[in-house]
Amino acid sequence: MVINANSLSTRLKTKTLTGQVNTTAALRHIAIWLLLSLLSMNQSVAKSVTVPQLLLNHTDSYGNVSLRRSAELVLPDPLVVAGNLNLENSQIRQLPNSLTVNGNLNLAYSNIEYLPAQLRIGGYLNLAHSKIVAINEGLQVNGDLSLMGTKLTKLPARLYVGGNLYLANSTITELPQFLFVKGNIYLGGITITHIPEHAQIEGMIYQ
């Protein structure tokens, strides 16, 4: 079989050009895909950065957020606070469905009635004199839990308190079945007539 050199050269050039065209087209598609991906990522980042902007002027260099005595507003959801979150005496009525506070959560004298479904607290939880009407089942508070002056009549069956539990001037009359308190319980005038069999209180109970 005889192969013409000129014909072979032409074929090779054609294949090379075709390959270059296909490669260029492929690279173009990849470039367009990357551009669209970057635009999408930028939009997502913009949203995640823009939403918490309303807290920018209320956040210090340690990650503490203070909205004490603030007017009613809608907080970002989910919300993660690196330090403490202070909503004492604020007009805020609802917390984000997912809330993580690595420090303390202060809701004293607030209008909060219910806690978030997904709540994580690194420090204490202060609900003193707030409008809270229910505590989440299985709530875990690593620090103190203050329910002083609230209208709560019942605590959840499972409740973990890593510090002290303050119940003074509340309307609670009994302790939950699976209560765990690492510190003391301060009743402050209320009467508890029975301590459940499975309750664990490592500190003292003070009247």
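Read on for an overview of the structure. (Residues numbered from 1 in each chain as written. Predicted model: local features only at pLDDT ≥ 70, side-chain atom pairs only at ≥ 80, totals over all residues. Heavy atoms only, no water.)

**Quick look at the environment of Asn111**
In plain terms, the rule: A run of H or I in DSSP counts as a helix once it spans at least four residues, and a run of E counts as a strand once it spans at least two, with each numbered from the N terminus. Any two residues having at least one pair of non-hydrogen atoms within 4.5 Å are treated as being in contact. Polar contacts, as counted here, are pairs of nitrogen or oxygen atoms within 3.5 Å of one another; within protein the pair requires one atom able to donate a hydrogen and one able to accept it, and residues that are adjacent in sequence qualify only if both atoms are side-chain atoms.
Assignment of secondary structure puts Asn111 in the loop between β5 (105–106) and β6 (118–121). For the pair Asn111 and Arg93, spaced 18 residues apart in sequence, the C-alpha to C-alpha distance is 5.1 Å. Excluding residues that lie within four positions of it along the chain, Asn111 makes contacts with Ser90, Gln91, Ile92, Arg93 and Lys131. Here the side chain of Asn111 touches Lys131 through a polar contact of 3.3 Å, side chain to side chain.

**Digging into the pattern of salt bridges**
Quick note on the threshold: Salt bridge, as applied in this entry: a Lys or Arg side-chain nitrogen positioned within 4 Å of an Asp or Glu carboxyl oxygen. Between buried and exposed lies partly exposed: a residue is buried under 20% and exposed over 50% of the maximum accessible area for its type, with that area taken using a 1.4 Å probe on protein chains only.
Under the counting rule described, the total for this entry stands at three salt bridges. In this structure, Glu88 and Arg68 form a salt bridge, with 3.8 Å as the shortest nitrogen-oxygen distance. On the criterion of sequence distance, the pair formed by Glu88 in the loop between β3 (85–86) and β4 (98–101) and Arg68 in the loop between β1 (65–66) and β2 (79–81) is long-range, its members being 20 residues apart. Given a relative accessible area of 17%, Glu88 falls into the buried group.

**Section: the nonpolar core**
Here is the rule: Note on terminology: a nonpolar core comprises buried Ala, Val, Leu, Ile, Met, Phe, Trp, Tyr and Cys residues joined through side-chain atoms within 4.5 Å.
Leu125 and Leu147 are the most contacted members of the largest nonpolar core, which totals 41 residues. When contributions to this core are tallied by element, the ones reaching two or more residues are β2, β4, β6, β8 (139–141), β10 (158–161) and β12 (178–181).

**A word on the sheet that holds strand β11 (residues 165–166)**
Threshold: Note on pairing: two strands pair once DSSP finds at least 2 bridges between them.
One open sheet holds the eight strands; their spatial order is β1-β3-β5-β7-β9-β11-β13-β15, and the pairing between them is parallel. Only two strands of the sheet have a single neighbouring strand rather than two, namely β1 and β15 (205–206). Strand direction decides the pairing type here: strand β7 (residues 125–126) and strand β9 (residues 145–146), joined by two bridges, are parallel. Looking at β9, one finds that Leu125 is bridged to Leu145.

**As for the pairing of β6**
Side chains Leu119 and Ile121 of β6 all project onto a buried face; the interleaved residues Gln118 and Arg120 project onto a face where none is buried. Where β4 and β6 come together, four bridges link them in parallel fashion. From the neighbouring strand, Leu99 faces β6, where its bridge partner is Leu119.

**Overview of the packing of aromatic side chains**
For clarity, the cut-off: When two rings of Phe, Tyr or Trp (its six-membered ring) have centres within 6.5 Å they constitute a pair, described as stacked for plane angles under 30 degrees, edge-to-face for angles over 60, and tilted for the intermediate range. Definition used: whenever NZ (Lys) or CZ (Arg) falls within 6 Å of the ring centre and also within 35 degrees of the ring normal, the charge is taken to sit over that ring.
Inspection of every chain in the model, using the stated rule, returns three aromatic pairs. Pairing Tyr160 with Phe180 gives two aromatic rings, centres 5.2 Å apart and planes at 10°, and the pair type is stacked. Here Phe180 lies in strand β12 and Tyr160 lies in strand β10, a separation of 20 residues in the sequence. Centre to centre, the rings of Tyr166 and Tyr186 are 5.0 Å apart; their planes meet at 10°, and the pair counts as stacked. Of this pair, Tyr166 sits in strand β11 while Tyr186 sits in strand β13 (residues 185–186); the two residues are 20 residues apart in sequence, bridging distant segments of the chain. Its relative accessible area of 22% is what places Tyr166 among the partly exposed residues. Counting every residue linked through ring pairs, the aromatic cluster contains Tyr166, Tyr186 and Tyr206. Sitting over the ring of Phe178, Arg158 keeps its end group 4.3 Å from the ring centre.

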